Amino acid sequence: MGGRVEFVQGNEACVEAALYAGLDFFAGYPITPSTEIAELMSVRLPQRSGKFIQMEDEIASICAIIGASLTGQKAMTATSGPGFSLMQEGLGYAIMAEIPCVIVNVQRGGPSTGLPTKVSQGDVNQARWGVHGDHAIIALTASNHQDVFAVTVDAFNFSETFRTPVILLFDEVIGHMREKLEVPAPGEVALVERLKTSVREGVDYHPYLPREDGRLPMSDFGGVHRYNVTGLFHDMWGFPSEKPEVVHGLLRHLVDKIENHVEDVTRYREYFVEDAETLLVSYGSAARSALHVAVNRRQRGERIGLLELQTLWPFPAALVREKSRHAGYVVVVEMNMGQVLQSVKAAAERPERVFLANRVDGVLIAPADIQNILRLIQGKGV
Amino acid sequence: MAVKEYIRERFFPHIWCPGCGHGVVLGGLVRAVEAIGLKKNDIVMVSGIGCSSRIVGYMDFHTLHAIHGRALAFAVGVKMSRPELTLLVPMGDGDALSIGGNHFIHACRRNIDMTAIVMNNKVYGMTGGQYSPLSGYGTMATTAPYTNIDQEFDVVNIATAAGATFVARTTSYHVQQLPEVLEEAIRHKGFSVVEVMSPCPTYYGRKNKEGSAVDMMERLKNTTTPIGSKAKRENPSLIERGVFVKKEMPEYCAEYQKIIERAMKGN
């Protein structure tokens, strides 16, 4: 790698990756534990002619990045639980109007103000279902800073490819923990740039007519094509329509463009999964403890493995089914009341063999916590 | 360019009720844009949700029909990214000052170069006649069946206090003043607020027994007066029309350009 080595927080790794991906515009509002992202953006973006603005709240932040994205800019905001709740309306707008943008949620304990400085993974299902109405969404996570970098670049690439908002679901431990990050040299990681329309001025341009591959070539606001953008169901010119066939077509397009590409957006890591009798499934900071347990028990000869999910939505059900097929036990390790557990149970061939190892008190789940639960599941007592 | 070059004629007739004042605002905006000689590709019009916001569908600019109350927040993102574009932000009274009140005052405070037009019909029309923060004490609405006990905002006062550098008021009746004020607002380098009092005979008028659309237009004539007029001194209850504030202050995008220069120097 021709890049540079840094010793940084996860939030900083996210900033490095966003800048690497070509971020032009950031709008945000201070909230623990994501604030470092906004602070760093305020330093770094203007150094490269980018724009940073601290808005009056999280609602305004997501609206501002949508506005910026419409002019052709790569745009992003960062927040935590309470702010993420406020952003749901704007998120739905970006889904409906097909505006690329990236929303970071560095998760803390909830509901409500909850545990501002403590870790949680309680927003997994909010990321999927927080927006009203049927829709599809992409949400990514990571357990270490190199992967934070990778999935952040992926988030921008996916948002441009599918013309959709992408959520980065980090957590307080990842956000604030310091570890090594190797920032790749420019050009080392492929970047997806916005697909621009080739339709010439004066020719009828259909901003919402997908190509055969489902992608929409965009024309920037301020460019030669004037069109309408709305959160209402709309026709291929972007004008409101209530025609059942238009509504049905658009809703199917919004869902299918993501759900038909699950494999393309699935990112994961696996450790000793091949012959695992016990399969741990985890993600984010919880996966660090799960990996510790897997490595430790492997060394003592136990057939145990870890499937670490980085793409949480669309849920990689086929992957989970395949990897858990031969496992006697599947144990989902997460810091919530079983949000990914439900998806794993739905995907597994034998849902009665899927168990939960969790912690929901604001403390990072430790290897010892997982060990205790494993002993219970395996009938060995605590 | 002919006035009709600025509109999307295929979407007419519009959805507004007979007697609604919003079409007059549309006409005023087109005339203001034409007078300045702005190119259609250089204008971005951002609206929220409600009767007023449907104006964007009829205008042949880059149009963003955003979320209820959030038009200004979207517009900030567009303007900061492309400061050379002209931003026009028409909003309803509930849109701008109830659900969007926070965005409104902060946009005023930042003095970012755009023109906010508050189409004030004193009612939530799209949902069927509920009271808005501009309806006023003693009015009737479908959600104030025993009279409204909410006091109203004064758009001019709130915009002035929040720091808008151009603040004006006119009405849908004053069709000559309207494009002139809008032109001045658009030309102003900074955050401009224009309140346009606009009648809603269907809901506000009917509930408050203000008569026909023509009666309501006449009321706009009779209850308003130019700023500082003799009539105002004699009858303080008259509502003043005209430009209340016009001052020079650092504009946000221009200031941010200085931030970029400072950041690059330190690099």
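Our subject in this report is the structure included herewith. (Residues numbered from 1 in each chain as written. Chains lettered and ligands numbered in written order. Predicted model: local features only at pLDDT ≥ 70, side-chain atom pairs only at ≥ 80, totals over all residues. Heavy atoms only, no water.)

Right, let's get into the overall build of chain A. Each helix and strand counted, chain A has 14 helices and 16 strands in total. Against the compact-globule benchmark of 21 Å for 382 residues, chain A has a radius of gyration of 21 Å, which places it among compact chains. Reported as C-alpha extents along the three principal axes, the dimensions of chain A are approximately 75 × 45 × 40 Å. Buried residues in chain A amount to 59% of all 382 residues. Here the analysis covers contacts within chain A between residues at least 6 apart in sequence; of these, 76% occur between residues at least 24 apart. Carbon and sulfur atoms form 52% of the exposed surface of chain A, whose accessible area is close to 14200 Å². Across chain A, the centroid of the 36 positively charged side chains sits 4 Å from that of the 46 negatively charged ones. (Helix = DSSP H or I, 4+ residues; strand = E, 2+ residues; numbered from the N terminus. Rg over C-alpha atoms; globule rule 2.2 N^0.38 Å. Buried < 20%, exposed > 50% of the residue type's maximum accessible area, 1.4 Å probe, protein only. Contact = heavy atoms within 4.5 Å. Areas by Shrake-Rupley, 256 points an atom, 1.4 Å probe, with all protein chains shown as cover. Lys, Arg positive; Asp, Glu negative; His and termini not counted. Charge placed at Lys NZ, Arg CZ, Asp CG, Glu CD.)

Glancing now at the overall build of chain B. Of regular secondary structure, chain B possesses 11 helices and 10 strands. Relative to its length of 267 residues, chain B is compact, with a C-alpha radius of gyration of 18 Å against a globular reference of 18 Å. Oriented by its inertia axes, the alpha-carbon framework of chain B measures out at about 65 × 45 × 35 Å. Looking at chain B as a whole, 58% of its 267 residues are labelled buried. Within chain B, counting contacts between residues at least 6 apart in sequence, those at least 24 apart form 67% of the total. Here chain B contributes 30 positively and 25 negatively charged side chains, and the mean placements of these two sets differ by 2 Å.

A few words now on the nonpolar core. Counting residues in each nonpolar core, the largest one holds 158 residues, and the members touching the most others are A:M41, A:M76 and B:F104. Top element by residues in this core is helix α3 (residues 58-70) of chain A. It accounts for 9 residues. Both domain 1 (1-265) and domain 2 (269-377) of chain A contribute no fewer than three residues apiece to this core. With 30 residues, the next largest nonpolar core counts B:Y6, B:L29, B:I43 and B:F61 among its residues. (Core = buried A, V, L, I, M, F, W, Y, C linked by side-chain atoms within 4.5 Å. Domains from an automatic or database assignment.)

The final tally for this structure, using the stated rule, is 37 salt bridges over all chains. Notably, a salt bridge pairs B:R110 with A:E56, separated by 2.8 Å at the nearest N-O pair. Of this pair, B:R110 sits in helix α5 (residues 101-110) while A:E56 sits in the loop between β3 (51-54) and α3, which puts the two residues in different chains. The pair formed by B:R110 and A:E56 is uniform in burial state, with each residue classed as buried. Between B:D154 and B:R169 there is a salt bridge, with its nearest N and O atoms 3.0 Å apart. Note that B:D154 is positioned in the loop between β6 (130-131) and α6 (155-162) and B:R169 in strand β7 (residues 166-171), a separation of 15 residues in sequence. Looking at B:R169, the relative accessible area reads 6%, which means it is buried. One salt-bridge network, held together by shared partners, links A:R4, A:E6, A:E16 and A:R44. (Salt bridge = Lys/Arg side-chain N within 4 Å of Asp/Glu carboxyl O.)

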